[in-house]
Amino acid sequence: MPKKVLLTGGAGFIGSHTYVELVKAGFDVVILDNFSNARPDVIDRLEVITGAPVACYTGDVLDGTLLDQIFTEHKIEAAVHFAALKAVGESAEIPLDYMNTNIAGLYSLLRTMERGGCTRLVFSSSATVYGQPDQLPVTETAPLSYTNPYGFTKLACEQSLEQIAASNDKWAFGILRYFNPAGAHETALIGEDPNDIPNNLMPYIAKVATGDLAELSVFGNDYDTQDGTGVRDYIHVSDLARGHVLSLNALLETDESHTVNLGTGTGYSVLDMLHAYKKAAGHPLPHKFAPRRAGDVASVYADPSLARDLLGFEAELGLDDMCVSSWNWVSRRKNT
């Protein structure tokens, strides 16, 4: 019988792609999403991609009664937890909301898992737990810190999971520290679809490419990098989704926790991204240089070797794949 898996935030950008990969891998997946940052038609699109109905509950991970209902009705055996607020700038404006949703939300899920005898969880973390790294590439043993409330919530969740695992060896957690997810599904049916002005580089460039935004502001062109612009580790969202499947499989097979980076190990600059997206879209993308932003660092990229060694994970798709798939997605959305 297929393992029953709960996917919180499963209609979001990374969650929806992970749903596809989990179904492809033979899991029986149930989505819980409050659709605060996802569109309801994502569920219809997932049904088209997978060729099967999607079990989806509309609700909040803080709703323990609903969680109990889902665990009872579906006999959930493992969970992948995405449901969280994720905008760094916004987290500084409404930190209490971030702490309630991200930290209390995880605790709510864990309480239900405990009641249901479910002890395997893959947790969506972030490279923000490294703060401003002082050594590259960034390994999992780098010092942990935070520079904003969002990063604080991710680190607090990680440390909570470590404490719980240490208290009782029945628990096993996969903590996945993402670098910068980008791109869209090969069908162009799902992708990143922010409700307002994007916080991340690729969706911002995508809105410039579709004409929704006039130009890209490149913050800083005097960094000590190959072209003076900031360098980051971008990973295709479909590769990232596969990483969750591998993490879940490892938890179920070994009963041992792990904490790994999910990145490519390659740094791309802002201008690298801009040029690759220009090629994908087939037309110029207006941009201007602006002063550096406070807190930005020149380069951040992962050492992904531990994920390879523990999970067998390696990114297969590069920057051109990210840009082409993103352009196919946003241009399709623009024209439908």
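For clarity, every value in this text was computed on a predicted model and none was experimentally measured.

(A) Region of the structure containing helix α3 (residues 64-74). Every buried residue of α3 is listed here: Leu-66, Leu-67, Ile-70, Phe-71 and His-74. Along the long axis of α3, the arc covered by the buried residues comes to 135°, so they all point the same way. Along α3, the residues that are exposed and aim more than 90 degrees away from the buried face are Thr-65 and Thr-72. Buried residues along α3 sit against β1 (4-8), β2 (28-33), β3 (55-58) and α5 (95-115). One side-chain oxygen at the N-terminal end of α3 lies 3.2 Å from the backbone nitrogen of Thr-65; it belongs to Asp-63.

(B) Representation of the sheet that holds strand β6 (residues 172-178). The sheet built from 7 strands is open, its strands ordered β3-β2-β1-β4-β5-β6-β11 with parallel pairing. With partners counted over all chains shown, the strands left at the sheet margins are β3 and β11 (258-262), one partner each. Taking the axes of each pair of neighbouring strands and ignoring which way they run, one obtains an average angle of 20° across the sheet. Pairing of β1 with β2 involves 5 bridges; the strand directions are parallel. Bridging from a neighbouring strand, Thr-8 pairs with Leu-32 of β2. Across the sheet, helix α8 (residues 237-254) lies against β1, β4 (78-81), β5 (120-126), β6 and β11, angled at about 160° from β6, the strand it touches most.

(C) Region of interest: the packing of aromatic side chains. This structure, assessed with the given rule, holds 3 aromatic pairs. Relative to Phe-179, the ring of Tyr-130 has its centre 6.5 Å away and its plane inclined at 35°; by these criteria the two rings are tilted. With Tyr-130 in the loop between β5 and α6 (149-167) and Phe-179 in the loop between β6 and β7 (180-182), the pair connects residues that are 49 residues apart, well separated along the chain. Each member of the pair, Tyr-130 as well as Phe-179, carries the same accessibility label: buried. Ring plane angle 70° and centroid distance 5.3 Å describe the contact between Tyr-146 and Phe-152, whose orientation is recorded as edge-to-face. Exposure remark for Tyr-146: the relative accessible area of 45% places this residue in the partly exposed category. Exposure remark for Phe-152: the relative accessible area of 27% places this residue in the partly exposed category.

Procedures and definitions
- Residues numbered from 1 in each chain as written.
- Predicted model: local features only at pLDDT ≥ 70, side-chain atom pairs only at ≥ 80, totals over all residues.
- Heavy atoms only, no water.
- Buried < 20%, exposed > 50% of the residue type's maximum accessible area, 1.4 Å probe, protein only.
- Helix = DSSP H or I, 4+ residues; strand = E, 2+ residues; numbered from the N terminus.
- Arc of directions from axis to C-beta.
- Contact = heavy atoms within 4.5 Å.
- Polar contact = N/O pair within 3.5 Å; in protein donor to acceptor, adjacent residues only side chain to side chain.
- Pairing = 2+ DSSP bridges.
- Axes fitted to C-alpha atoms, helices over the stretch in contact; angles between N-to-C directions.
- Phe/Tyr/Trp six-rings, centres within 6.5 Å; stacked < 30°, edge-to-face > 60°.

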